[in-house]
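# Reading the structure
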Amino acid sequence: MARHDGDSRPEVGGAKLDAAEVDWAALAEAAKEAMSHAYAPYSRFPVGAAAFTEDGRLVTGCNVENASYGLTLCAECTLVGALQMSGGGRLAAFYCVDGEGNVLMPCGRCRQLLYEHRAPGMQLMTVSGIKTMDQVLPDAFGPENLDLEES
């Protein structure tokens, strides 16, 4: 279960999270802080994201735009990069905000990215409240659908 006791390392255990035990306020604050580092000179739409990992780490990300818009990195992309750079693992609870601190729903591309790096039962704060990854990306396609025999 995920709890936040004042530092950036909530206790996590088990395969499913109880939404009541996730410190969503701490995730919201971490996402707002991450958003303050966004590079958004073209859209002027800064985004920040924060997540607790299954092993208790807090990872964050922000959007990083590019003049060639297709090369822009969403906040979820930099968050997953931070996840990999800090030892990997799986995401257990996720929160994303805009420049005003309002909850944002990840786009389809980012839902797929989060799906691939999710813990069982991963939860997201959405504009419609707390949802599971399976609810925001039903019938998802992932690594389990690929024939990845080791050679």
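Details of the structure are given in the entry above.
So, how was this worked out
- Residues numbered from 1 in each chain as written.
- Predicted model: local features only at pLDDT ≥ 70, side-chain atom pairs only at ≥ 80, totals over all residues.
- Heavy atoms only, no water.
- Pairing = 2+ DSSP bridges.
- Helix = DSSP H or I, 4+ residues; strand = E, 2+ residues; numbered from the N terminus.
- Axes fitted to C-alpha atoms, helices over the stretch in contact; angles between N-to-C directions.
- Contact = heavy atoms within 4.5 Å.
- Right-handed = clockwise from strand over helix to strand, strands pointing away.
- Buried < 20%, exposed > 50% of the residue type's maximum accessible area, 1.4 Å probe, protein only.
- Arc of directions from axis to C-beta.

By way of backbone hydrogen bonds, the strands of a sheet pair with one another, either parallel or antiparallel. Ordered in space as β2-β1-β3-β4-β5, the 5 strands form an open sheet in which the pairing is mixed. Two strands in the sheet have a free side with no partner beyond their single neighbour: β2 (58-62) and β5 (129-132). Taken pair by pair, the neighbouring strands of this sheet meet at an average axis angle of 20°, ignoring direction. Pairing of strand β4 (residues 118-126) with β5 involves 4 bridges; the strand directions are antiparallel. Note on β5: the bridge partner recorded for Gln123 is Thr132. Along the sheet, helix α3 (residues 108-116) contacts β3 (91-97) and β4; its crossing angle with β4, the most-contacted strand, is approximately 145°.

As paired elements, β3 and β4 share 3 bridges and run parallel to each other. Across the sheet, residue Ala93 finds its bridge partner in β4, namely Gln123. A crossover links β3 with its parallel partner β4, the connecting element being α3, and its sense is right-handed. Hairpin connection of β4 to β5: 2 residues between the antiparallel strands.

On to α3. Those residues of α3 not exposed but buried are Cys110, Leu114 and Tyr115. The arc that holds the buried residues of α3, viewed along the axis, is 145°, so those residues lie on one side.

By secondary structure assignment, the location of Ala50 is in strand β1 (residues 48-53). As a C-alpha pair, Ala50 and Ala75 span 25 residues in sequence and 8.9 Å in three-dimensional space. Filtering out sequence-adjacent residues up to four positions away, Ala50 remains in contact with Leu27, Ala30, Ala31, Leu58, Val59, Thr60, Leu79, Ala93, Phe94 and Tyr95.

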